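# Reading the structure
Each chain, written out:
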Amino acid sequence: ADGKYTIGYDNYFMGNSWSVQLAAEFKAEAEKHTDKVNVVYVESAGDTQKQIANIEDLITKKVDAIITTPTSPTALIPALKKARAAGIKIVLLAATIKSQDYDALVTVDDVAFGRTGAEWLAQKLGGKGDIIALNGIAGISTSDDRFKGAEEVFAKYPDIKIVAAVNAGWDYAQGKQAVSNLLAANPKIDGVWSQGGAMTLGAIDAFEAAQRPLVPMTGEDNNGYLKRWKQLEDKGFDSIGTSKPTWLGSEALRVTIDLLDGKAVEKDMVLPVPTITAADLDKFVKPDLSDSFWAGTRLTDEQVKATFAN
Amino acid sequence: MLPRGSIRTNLLLGLPALLLAAAIVAVAASWSGDFFAAGNLGNLVNRVLPLSLAALGQAFVLFAGRIDLSVGSVISLSTAILATTSTSLGWAAVPLVLVAGLACGALNAAGVIYLRINPLIMTLASSAIVKGAALILMPTPGGEVDYTFYDAFYGQDLLVGWPLAVILLAFLGAFLLFGFTRFGRRIYALGSDDRAAYANGVDVRRVEWSVFLASGFFAAAAGVAVGIKILSGDPLIGDSFTLDAIAAAVLGGVALQGGRGAVPGVLAGSIALVLIANAFNLLELDPNLQQIAKGLIFVVALMLFMRGGVRRTA
Amino acid sequence: MSTSAYLVRMRPAAASLRAVALLVLLLVAFFVSAGLFSPLLLLDNVRQAAPLGVVVLGQAIVLMMGRLDLSVGATASMANIVLCAVFAGDMANTGPAVALTLGAGALVGLANGLMTTKLRIPSFLATLATSMIVAGLVVFFTGGSPRGAVPAGFRVVTEAWLFGFVPYSALIWLALLVLLMLLVHFTMLGRKMILSGANLVAARHSGIPSDGLIVLAFVLSSLLAATGGILVSAITGMASIGVGNGFTLDSIAAAVIGGALFSGGVFLPLGAMAGALILFVVQSLLYLLALPPAAKFIVQGLIIMLALALASFRKEKSS
Amino acid sequence: MAMLASPLPSDGAAPARLAVSGVSKSFGSNLVLRDVSFSVRAGEVVSLVGENGAGKSTLMHVCAGTFPPDGGTLTLDGAAYRPASPQAARTAGVALALQETAILPDLTVAENLLFGAEPRGLLGLIDQRRLHRDAETVLAGLGFALRSDRLGADLSAAERQMLEIAKAIRLAPRLLILDEPTASLSSHETELVLKAMARLTAAGGSVIFISHRLDEVMEAADHAVVLKDGTLTLDAPRGGFDRDDLIRAMVGRTLTDIFPARPATLADRPVRLALDAAVAPGLKPLTLDVRAGEIVGFAGLEGQGQRPLARALSGIAPFTGGTIAVDGAAVPVRSVSRGIAAGIASIPDDRKHEGLALDLPVRMNVSLFALSARSRWGWLRQNLERTFAEEARRRFAIRSTGIEQPVRQLSGGNQQKVVFARWLAETPKVLVLYEPTKGVDVGAKTEIYRLVGELSAQGVAVVLISADMLELIGLSDRIHVLFEGAVTGTLERADFSEEAIMRLAAGPEGAAVHAA
Ligand SMILES: Nc1ncnc2c1ncn2[C@@H]1O[C@H](COP(=O)(O)OP(=O)(O)OP(=O)(O)O)[C@@H](O)[C@H]1O
Ligand SMILES: Nc1ncnc2c1ncn2[C@@H]1O[C@H](COP(=O)(O)OP(=O)(O)OP(=O)(O)O)[C@@H](O)[C@H]1O
Ligand SMILES: O[C@@H]1[C@@H](O)[C@H](O)OC[C@H]1O
Ligand SMILES: [Mg+2]
Ligand SMILES: [Mg+2]
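Residues numbered from 1 in each chain as written. Chains lettered and ligands numbered in written order. Predicted model: local features only at pLDDT ≥ 70, side-chain atom pairs only at ≥ 80, totals over all residues. Heavy atoms only, no water.

Moving on: the overall build of chain C. A count of helices and strands for chain C gives 14 helices and two strands. Its C-alpha atoms give chain C a radius of gyration of 19 Å, within 12% of the compact-globule value 20 Å for 319 residues. With respect to the principal axes defined by its C-alpha atoms, chain C has extents near 55 × 50 × 45 Å. Looking at chain C as a whole, 61% of its 319 residues are labelled buried. In chain C, the share of contacts with a sequence separation of at least 24, taken over all contacts with a separation of at least 6, comes to 78%. For chain C, the accessible area works out to roughly 10,800 Å², and carbon and sulfur atoms hold 74% of it. Averaging the positions of the 16 positive and the 7 negative side-chain charges in chain C gives two centres separated by 11 Å. (Helix = DSSP H or I, 4+ residues; strand = E, 2+ residues; numbered from the N terminus. Rg over C-alpha atoms; globule rule 2.2 N^0.38 Å. Buried < 20%, exposed > 50% of the residue type's maximum accessible area, 1.4 Å probe, protein only. Contact = heavy atoms within 4.5 Å. Areas by Shrake-Rupley, 256 points an atom, 1.4 Å probe, with all protein chains shown as cover. Lys, Arg positive; Asp, Glu negative; His and termini not counted. Charge placed at Lys NZ, Arg CZ, Asp CG, Glu CD.)

What follows concerns the overall build of chain A. Each helix and strand counted, chain A has eleven helices and twelve strands in total. Projected onto its principal axes, the C-alpha positions of chain A cover 65 × 40 × 30 Å. Evaluated residue by residue, chain A yields a buried proportion of 63% over its 310 residues. Taking the intrachain contacts of chain A between residues at least 6 apart in sequence as the baseline, contacts between residues at least 24 apart amount to 71%. Per element, the accessible surface of chain A, about 10,800 Å² overall, is 51% carbon and sulfur. Taken as two groups, the 34 positive and 42 negative side-chain charges of chain A have centres that lie 1 Å from each other.

Within the structure shown, the criterion is met by seven cavities of 30 Å³ or more. The space that makes up the largest cavity amounts to roughly 110 Å³. If you trace the largest cavity, you find 14 residues lining it, with His205(C), Ala310(D), Ser314(D), Ile347(D) and Pro348(D) closest to the centre. Of all the secondary-structure elements, those providing two or more residues to the lining of the largest cavity are α9 (306-314), β16 (344-347) and β17 (430-434) of chain D. Of the volumes computed, that of the second largest cavity is approximately 60 Å³. Lining the second largest cavity are Ile7(B), Asn10(B), Phe175(B), Phe178(B), Gly179(B), Tyr188(B), Ala262(B), Val263(B) and Pro264(B). Those elements that provide at least two residues to the lining of the second largest cavity are α1 (6-13), α8 (162-180) and α13 (263-282) of chain B. By residue number, the principal contributor to the lining of the second largest cavity is α8(B), which donates three residues. Looking at the lining of the second largest cavity residue by residue, the classes come out as seven nonpolar, two polar and no charged. (1 Å grid on protein atoms, 1.4 Å probe; cavity = no way out; pocket = protein on both sides within 12 Å on 5 of 7 lines; lining within 4 Å. Points joined across faces, edges and corners; volume = space filled by probe spheres on them. Nonpolar A, V, L, I, M, F, W, Y, C, P; charged D, E, K, R; others polar.)

Residues and elements named next belong to chain B. Considering the arrangement of structural elements, one finds Val207 in helix α11 (residues 204-230). Considering only alpha carbons, one finds Val207 and Val61, 146 residues apart in sequence, at a separation of 9.6 Å. Excluding its chain neighbours within four sequence positions, the residues that come into contact with Val207 are Arg186, Ile187, Leu190 and Val202.

As a further point, take the packing of aromatic side chains. Applying the stated rule across the entire model yields 27 aromatic pairs over all chains. Ring plane angle 65 degrees and centroid distance 4.7 Å describe the contact between Phe63(B) and Phe178(B), whose orientation is recorded as edge-to-face. Pair noted here: Phe63(B) is in helix α3 (residues 38-63) and Phe178(B) is in helix α8, with a separation of 115 residues, a long-range link. Residue Phe63(B) shares its accessibility class with Phe178(B), and that shared class is buried. An aromatic cluster is defined as three or more aromatic residues linked by ring pairs; in this entry it consists of Phe60(B), Phe63(B), Phe178(B), Tyr188(B), Phe217(B) and Phe218(B). Over the ring of Tyr41(A) we find Lys27(A); its NZ or CZ atom is 5.3 Å from the centre of that ring. One residue, Lys229(B), lies across the ring of Tyr154(B), its end atom 5.4 Å from the ring centre. (Phe/Tyr/Trp six-rings, centres within 6.5 Å; stacked < 30°, edge-to-face > 60°. Lys NZ or Arg CZ within 6 Å of the ring centre and 35° of its normal.)

Two pairing modes exist for strands in a sheet, parallel and antiparallel, and in both the strands are linked by backbone hydrogen bonds. All names here are of chain D. If you trace the four strands from one edge of the open sheet to the other, you get β12-β11-β14-β15, paired in antiparallel fashion. Two strands lie at the open edges of the sheet, namely β12 (283-291) and β15 (329-330), each paired on one side alone. Bridging between strand β14 (residues 321-326) and β15 involves two bridges; their strand directions are antiparallel. Each bridged residue has a counterpart across the sheet, and for Val326 the counterpart in β15 is Ala329. (Pairing = 2+ DSSP bridges.)

A separate point is the sheet that holds strand β4 (residues 89-93) of chain A. Residues and elements named next belong to chain A. The sheet built from six strands is open, its strands ordered β2-β1-β3-β4-β5-β11 with parallel pairing. Since the sheet does not close on itself, it has two edges, and those belong to β2 (37-43) and β11 (268-271), each with one partner. For this sheet, the mean inter-axis angle between neighbouring strands, taken without regard to orientation, is 15 degrees. Sheet analysis places strand β1 (residues 5-11) next to β2, joined by seven bridges and oriented parallel. Across the sheet, Thr6 pairs through a bridge with Asn38, a residue of β2. Relative to β2, helix α1 (residues 17-32) is tilted by about 160 degrees, and along the sheet it contacts β1, β2, β3 (65-68) and β4. (Axes fitted to C-alpha atoms, helices over the stretch in contact; angles between N-to-C directions.)

Turning our eyes to something else, we now look at the coordination of the magnesium ion (ligand 4). Taken together, Ser57(D) (OG) and Gln99(D) (OE1) make up the full set of protein donors to the magnesium ion (ligand 4), lying 1.9 to 2.0 Å away. One end of the pair, Ser57(D), is in helix α1 (residues 56-63); the other, Gln99(D), is in the loop between β6 (94-97) and α3 (109-113), with 42 residues separating them in the sequence. (Donors = N, O, S within 2.8 Å, 3.2 Å for Na, K, Ca; no water.)

Another aspect to go through is the site of ligand 1. Residues and elements named next belong to chain D. Around ligand 1 sit 19 residues, and of these Gly53, Lys56, Ser57, Thr58 and Gln409 come closest. Within the backbone of Ala54, one N or O atom sits 3.2 Å away from an oxygen atom of ligand 1. In this structure, His212 approaches ligand 1 through a side-chain N or O atom, which is 2.9 Å from an oxygen atom. Coverage of ligand 1 by the protein chains reaches 86% of its 640 Å² of free accessible surface. Where the shell around ligand 1 is concerned, the elements lending two or more residues are β2 (30-40), α1 and α15 (412-423). Looking at the shell around ligand 1, the element that brings in the most residues is α1, giving three residues. Two domains each put at least three residues into the shell around ligand 1: domain 1 (18-103 + 156-257) and domain 4 (357-427). (Near = heavy atom within 4 Å. Polar contact = N/O pair within 3.5 Å; in protein donor to acceptor, adjacent residues only side chain to side chain. Domains from an automatic or database assignment.)

Turning to the interface of chain C and chain B, a few remarks are in order. Between chain C and chain B, the residue contacts involve 38 residues of the former and 40 residues of the latter. Roughly 3,600 Å² of surface becomes buried between chain C and chain B when both sides are summed, with 82% attributable to carbon and sulfur atoms. Where chain C touches chain B, the interface holds zero salt bridges. In this structure, the connection of chain C to chain B is made through zero residue pairs in polar contact (both at pLDDT 80 or more). Among the elements of the structure, α6 (123-142), α10 (200-205), α12 (247-257) and α14 (293-312) of chain C are those that each provide at least two residues to the side of chain C that touches chain B. Tallied by class, the residues present in the side of chain C that touches chain B amount to 29 nonpolar, six polar and three charged. (Buried area = accessible area lost by both parts, 1.4 Å probe. Salt bridge = Lys/Arg side-chain N within 4 Å of Asp/Glu carboxyl O.)

Structurally, the α-helix is built with 3.6 residues per turn, so residues lying three or four positions apart point the same way. When we look at burial in helix α18 (residues 498-505) of chain D, the residues that qualify are Ala500(D), Ile501(D), Met502(D) and Ala505(D). Note on α18(D): the residue one or two positions beyond its end, Gly507(D), has a positive phi of about 90 degrees.

It is worth spelling out the pattern of salt bridges at this point. According to the stated counting rule, one finds 71 salt bridges over all chains in the structure shown. The residue Arg248(D) makes a salt bridge to Asp245(D) at a minimum N-O spacing of 2.8 Å. In this pair, Arg248(D) and Asp245(D) are both assigned in helix α8 (residues 243-251), three residues apart and thus about one turn of the helix distant. Classification of Arg248(D) as partly exposed rests on a relative accessible area of 32%. Here Arg408(D) makes a salt bridge to Asp359(D), at a shortest N to O gap of 3.0 Å. Here Arg408(D) is found in the loop between α14 (382-395) and α15, whereas its partner Asp359(D) is found in the loop between α11 (351-355) and α12 (362-366), with 49 residues between them in sequence. Salt bridges linked by common partners bring Glu56(A), Asp57(A), Lys82(A), Arg47(B), Asp157(B) and Lys229(B) together as one network.

Listed by partner, the interface residues are 27 residues for chain A and 28 residues for chain C. Across the chain A to chain C interface the summed buried area is about 2,200 Å²; carbon plus sulfur atoms make up 55%. At the boundary of chain A and chain C, one finds one salt bridge. When the shortest N-O distance is used, the salt bridge between Lys176(A) and Glu159(C) registers 2.2 Å. Summed over the shared surface of chain A and chain C, the result is eight residue pairs in polar contact (both at pLDDT 80 or more).

Right, let's get into the side chain of Asp238(A). Residue and element names in this part refer to chain A. Mapped onto the secondary structure, Asp238 falls in the loop between α8 (223-232) and β10 (239-242). There is a polar contact of 2.8 Å between the side chain of Asp238 and the side chain of Lys124. When near neighbours in sequence (up to four residues on either side) are disregarded, Asp238 contacts Trp120, Lys124, Pro216, Met217, Trp229 and Ala278.

So, in structure tokens, the structure goes:
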């Protein structure tokens with residue numbers, strides 16, 4: 001009515017700082033476009049059933065576009081089909097579905113995410129050694145895809161053996177518990193492939209508690225992890241911070257507006273995985289900002305402080 | 001006219017949920033033009049379907065004074081089975097899913113009856129086991145349910161269609177069962193007082209078997225509804241149903257200590273729960289407040305029931 | 001009183017003994033699959049199990065009163081948020097941080113207690129409602145991004161070891177356990193709580209202020225849940241939403257594995273401790289075996305079943 | 001003493017309705033029935049008596065299929081009879097009305113009464129209207145004043161008991177077993193039950209009737225069977241035993257006088273308890289005194305204010321107006337604990353719900369007040385508890401395997417003794433007794449009466465609210481009669497008689513109502 005676009009934003013989850021920052025990036029971007037867009041927020045709390053209902057309610061509200069992060073690669077397909085049939089543009093943010101029923105996808109491929117870390121680790125170990133893998137949650141595609149990417153890589157190195165792959169829920173405490181026990185059972189662990197920074201932190205603490213020398217580990221771009229890495233650098237610790245940047249959240253809005261404006265948009269914007277290595281670590285770590293904050297951001301330091309304080 | 005007897009008391013227990021649902025409809029309809037949009041009513045029926053079926057199964061168990069925490073996992077497993085078999089079996093996959101649901105119910109019953117494990121803990125354990133089974137069958141969401149299932153069952157997502165028919169049929173059947181059959185009386189009797197029920201000739205084991213089987217069956221039926229809705233399988237999708245089904249039943253006046261409550265209340269409770277979330281979205285209320293509101297509504301509704309007084313046994 | 005009498009009183013019930021036996025069995029399996037026996041590893045598991053263990057104690061108290069507390073998870077999660085926010089990473093804030101966290105916890109317990117006694121809402125529902133409200137409040141006030149952190153100095157609570165082999169968190173757990181055991185089994189207050197739990201009406205007829213005792217039990221449970229949340233915070237060092245959610249079901253399972261009865265009147269702290277350790281060691285064992293996730297759930301479920309089947313083994317069928 | 005009869009009828013004609021032969025049963029290591037044999041003929045009432053815990057209920061549970069015997073056999077009308085469940089027994093024609101009643105709290109009276117036999121109509125669905133009609137017919141036939149649409153949970157103990165009896169009688173069983181059916185019934189209701197038994201036997205049915213009221217036994221029994229410690233000690237036909245024989249067989253000795261002697265006058269004693277215009281819901285303003293050492297009884301038909309009075313005195317449902325004074329000082333009995341603090345102890349009538357924590361051991365159930373009085377700094381003194389519990393078990397002759405046995409496993413009468421033991425840990429100033437000997441055997445009763453006598457001799461003011469006329473007459477110094485919440489008359493000891501009480505109990509138009 002007011003000539004603005006109405007965009008439905010489905011906040012898929014509020015349970016960790018990454019998902020919070022993803023939503024914050026979107027909001028920050030939306031504030032720049034208040035003249036052009038109205039946003040209707042819905043909250044899925046990690047519950048696929050709820051997400052489907054939310055999409056349907058957004059259809060009922062006749063929004064012009066829906067931005068959603070599917071919590072299941074398949075379950076949402078019928079609902080999204082319905083939305084598109086109603087003329088609503090669908091933009092998938094940070095996760096995809098196993099069909100073509102969307103108008104744009106803005107993400108970093110999780111398989112590539114897993115692969116990137118694995119390649120770095122394999123090189124670092126000179127193509128041989130015993131490693132452990134720390135995964136997220138069984139049945140969630142992010143977790144499965146990342147591990148799939150990693151396994152593809154390790155399969156090419158016959159001398160690299162995954163002695164244990166466990167689910168630690170992207171969680172620090174679970175990561176630490178898992179690694180403590182695995183260390184006790186395995187006198188030789190040469191590397192840790194982890195698909196989440198908090199779990200890598202847990203792994204580091206477990207190694208230190210067991211007084212075992214640190215080994216190469218893959219990490220992520222969360223500030224808490226980067227700070228720790230920085231501290232440990234002079235002890236010879238080496239890592240890689242693979243990133244699924246939260247600025248995808250702002251990018252999704254830009255893409256959505258382009259779509260609604262009728263501009264040509266690349267359907268699958270699958271960005272290469274940004275990485276942080278020892279060489280550029282200093283560029284990304286922010287010693288004065290919160291541990292919760294993620295480096296792959298378009299937020300200003302002030303906005304970060306407003307979101308996470310310290 | 002309400003029939004004399006305990007049915008009347010039980011029906012009255014469902015009244016607050018009904019009033020709550022009506023109030024939400026009134027508020028949502030007067031503040032949002034979208035509420036009565038055809039699409040919305042159809043969506044609501046489709047959402048009530050799996051929740052109310054799961055809650056109905058739960059009600060069997062609750063009436064008997066037991067509880068079933070495995071409902072969510074059974075729903076997940078059901079979608080997984082449906083999505084792995086429906087392409088080859090067609091509609092024959094549905095009875096297969098229902099049989100699997102019965103098997104889960106049988107596991108619960110066996111644990112409760114033969115191993116004498118408390119139902120809360122037994123179904124908590126079986127919930128993990130069934131979830132494991134779902135993950136074995138389908139480690140990540142996928143599989144396929146053909147679109148013809150959706151078309152045949154949900155059709156155009158209208159108010160009047162198969163989902164409504166299934167709800168009405170299931171609840172009418174259950175209403176007659178609990179209100180007017182000896183079998184229903186036995187279930188209430190068991191929930192009312194185990195020892196007295198046994199002394200009155202109730203075959204406790206048989207009733208326990210049947211309520212857990214019923215719960216498994218209805219959870220599987222809910223799983224079929226979910227599976228057709230998502231046209232795929234998902235080993236985690238059912239998790240939230242467990243607590244929601246209990247909440248719906250309880251909101252509808254079913255007493256957790258057993259023996260009290262009626263089937264219409266369960267339906268009213270399910271409708272109320274679905275409406276709360278819908279109203280929040282349509283009215284664009286802060287989604288962060290939704291959980292708080294749900295909790296408060298719960299407290300208020302429960303206060304209304306409790307005014308009637310609790311049984312004197314501790 | 002003579003020492004022997006104390007010992008008689010401390011003698012755990014059969015259910016606790018069975019829980020302990022199962023625990024030993026699991027530990028054997030654990031160390032066999034680890035390929036070594038290390039007391040330090042054992043203690044490390046105890047150290048990490050402490051938060052759950054502390055929460056279970058509270059749940060056991062509520063179960064003793066014939067009630068159930070489904071809000072312990074939400075309360076522990078909230079404790080983590082409040083603690084980190086008040087701490088703001090500065091050791092100087094220890095006093096207020098801990099006090100405010102426990103205070104917030106006590107409020108939850110008070111709400112639970114008043115709802116079950118004054119409003120006569122069954123505890124299952126009252127605490128379910130509280131847990132929704134508490135979790136909702138946390139999301140509402142933090143907007144999903146909780147602030148602050150636990151200073152490194154405070155983290156010794158769970159991360160450091162006394163004399164290098166006694167984890168502080170284990171000591172805290174044990175101290176709380178002993179305190180509660182003393183309260184319940186060695187004071188008049190505790191005796192009155194047991195009597196209320198076993199038969200509320202009879203307790204009222206004997207002039208026992210049952211309502212007050214139920215409120216007290218819920219407050220204790222929430223305080224212990226908040227303490228569990230503090231311990232978890234010391235482990236993770238940071239604020240995140242929902243860190244304690246798993247405690248709700250785990251605490252009930254652990255308490256019941258340890259011999260608690262839903263019908264009330266029983267308090268077996270040693271059983272509760274064994275129950276918490278069982279759940280934790282199963283988890284560790286599963287990490288160790290690196291089973292596929294599906295198998296993990298199945299084994300977990302089977303162990304809980306086994307524990308309870310053992311507990312009801314030989315129990316005479318009541319006529 | 002009568003000879004022990006053989007389990008089979010001696011006349012050799014028709015086989016016995018029920019023949020019990022060599023039955024034994026133990027719970028854990030507790031041998032409850034030892035080689036018990038007796039039989040019941042068609043058309044006969046057999047009374048089973050014995051002390052609390054003698055094994056009566058256990059024996060009846062065996063007969064009614066609740067659990068099987070460990071050894072021995074049963075026959076029913078000559079055929080082997082081994083019921084696998086209460087339902088199987090009912091199908092075979094044996095119905096048991098439980099001492100502890102099995103009423104489903106969430107079902108109505110009608111639904112309880114016709115449970116499992118609900119009339120069905122269209123589509124095989126239960127016909128609710130006929131159900132209630134049928135139920136009313138049954139109740140009316142028995143003369144029970146019980147509305148068919150009340151919920152089980154709302155019934156009083158007496159009403160529950162009547163419903164339980166009606167349930168069993170409705171089945172028109174070959175053998176009806178009534179386990180203490182009259183324990184909480186008034187004399188009028190008891191008459192109704194005895195009549196129903198007579199009708200059943202007249203029609204060829206058989207009845208096993210358990211009661212601690214020897215009057216009823218003498219009146220109803222065609223045959224008496226006595227159990228002592230699980231062994232049969234008497235089995236004799238009507239005329240072959242008298243009251244003393246029964247008592248001897250039960251307790252192993254003759255009880256001379258079961259009631260304590262009362263002092264000739266109490267007029268010189270100070271007033272202990274004084275109520276002045278005290279009001280409570282269900283009670284009209286009440287003014288009365290109880291002197292130190294006096295036992296004041298309250299009589300009346302069921303539901304005339306006895307319960308409100310007991311609950312108000314104990315502080316459960318306190319007085320809402322007027323004054324209550326103990327030893328001349330006004331005491332606001334606004335809660336149980338205030339009452340206790342003022343020295344008022346009260347024994348509730350519903351021991352299962354109001355008196356005991358059934359799953360806790362005897363020790364914890366008896367020790368509360370003893371410990372409260374002696375705790376230091378809130379610490380519970382464990383040794384003292386043990387000693388006290390052991391002593392209470394001896395003093396009150398509580399039959400249990402020890403102080404650690406859960407109270408649930410004790411017989412009804414012994415449970416009642418546990419309640420007494422808790423309240424009498426400390427000598428109170430005022431003792432309120434509400435149906436103190438419901439379901440208590442004559443030996444235990446004697447004990448309890450002796451105790452009450454002792455306490456009154458020590459100056460305790462006793463309020464005795466009871467439906468048991470003999471108890472009131474035997475124990476009281478004065479009896480107030482309640483009618484519709486008010487005292488309609490008072491009798492002094494010299495004027496006590498059942499007839500005088502009944503006349504007052506029937507209210508102002510007493511004679512007319514009573515005659516009807
Ligand atoms: N389920 C049980 N478990 C263990 N012991 C039991 C159980 N039931 C009864 N007993 C014991 O068996 C004995 C006989 O009890 P029973 O109830 O048969 O006595 P009773 O003669 O009916 O007494 P009352 O006159 O008090 O009703 C008692 O000592 C009692 O403690
Ligand atoms: N052993 C006895 N010796 C002398 N008199 C007795 C004896 N037992 C009972 N009596 C007398 O018989 C009367 C009734 O006895 P009974 O055993 O029926 O009393 P009860 O059990 O108290 O009655 P109720 O069944 O009404 O409670 C009493 O008045 C009592 O004086
Ligand atoms: O990268 C991870 C993100 O995808 C998940 O949702 O939360 C934890 C992060 O480590
Ligand atoms: Mg008996
Ligand atoms: Mg008597």
